[in-house]
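# Structural features, examined
Chain by chain, the residues:
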Amino acid sequence: MSCQIRRLLLVLVLIIALNAAVLQTNVATKSKLNYFATPFTNLANLRNAELVKHNELRQRHGSPALILDDALNTAAQAYAEQLLASGDF
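### Re helix H3 (residues 70–86)
The end-to-end C-alpha distance of H3, which contains 17 residues, comes to 24 Å, matching closely the 24 Å that a straight helix rising 1.5 Å per residue would cover. Inspection of H3 places Asn 73, Ala 76, Gln 77, Ala 80 and Leu 83 among the buried residues, and these make up the whole buried set. Relative to the axis of H3, the buried residues are bounded by an arc of 130° and lie together on one face. In this structure, H3 carries Ala 71, Thr 74, Gln 82 and Ala 85 as exposed residues pointing more than 90 degrees from its buried face. Two or three places before Ala 71, at the start of H3, stands the capping residue Asp 69, its side-chain oxygen 3.1 Å from that residue's backbone nitrogen. The first or second residue beyond H3 is Gly 87, which carries a positive phi of 75°.

Structure below.
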């Protein structure tokens, strides 16, 4: 996999992980903020939905579809939660 594709995949995974971390925080604090039009019952559903949307856009531009990588998702989720906890994001 090329370096550029890895970077794009990392950005996608970080966006999904940050969205999930915010969603989990809102649910835990019973915040009335709604960041999503569709409620997601678990992180896997959120990741898959975001990947489908992203791949639809990639297809419009003739780019190949991306697939989820469990190791990358785990690392991105940990980093997103660290950013959220520290207030750096």
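We are not done yet, so read on.
### With respect to helix H2 (residues 43–60)
The end-to-end C-alpha distance of H2, which contains 18 residues, comes to 26 Å, matching closely the 26 Å that a straight helix rising 1.5 Å per residue would cover. Three or more residues of H2 are buried, namely Leu 46, Arg 47, Glu 50, Leu 51, Asn 55 and Arg 58. For H2, the angular spread of buried residues about the axis comes to 160°, placing them on one side. Turned more than 90 degrees away from the buried face of H2 sit Gln 59 and Arg 60, all of them exposed. The N-cap of H2, judged by a side-chain oxygen 3.1 Å from the amide nitrogen of Ala 44 a few residues on, is Asn 42. Note on H2: the residue one or two positions beyond its end, Gly 62, has a positive phi of about 75°.

Definitions and cut-offs
- Residues numbered from 1 in each chain as written.
- Predicted model: local features only at pLDDT ≥ 70, side-chain atom pairs only at ≥ 80, totals over all residues.
- Heavy atoms only, no water.
- Helix = DSSP H or I, 4+ residues; strand = E, 2+ residues; numbered from the N terminus.
- Expected span 1.5 Å × (residues − 1).
- Buried < 20%, exposed > 50% of the residue type's maximum accessible area, 1.4 Å probe, protein only.
- Arc of directions from axis to C-beta.
- Polar contact = N/O pair within 3.5 Å; in protein donor to acceptor, adjacent residues only side chain to side chain.

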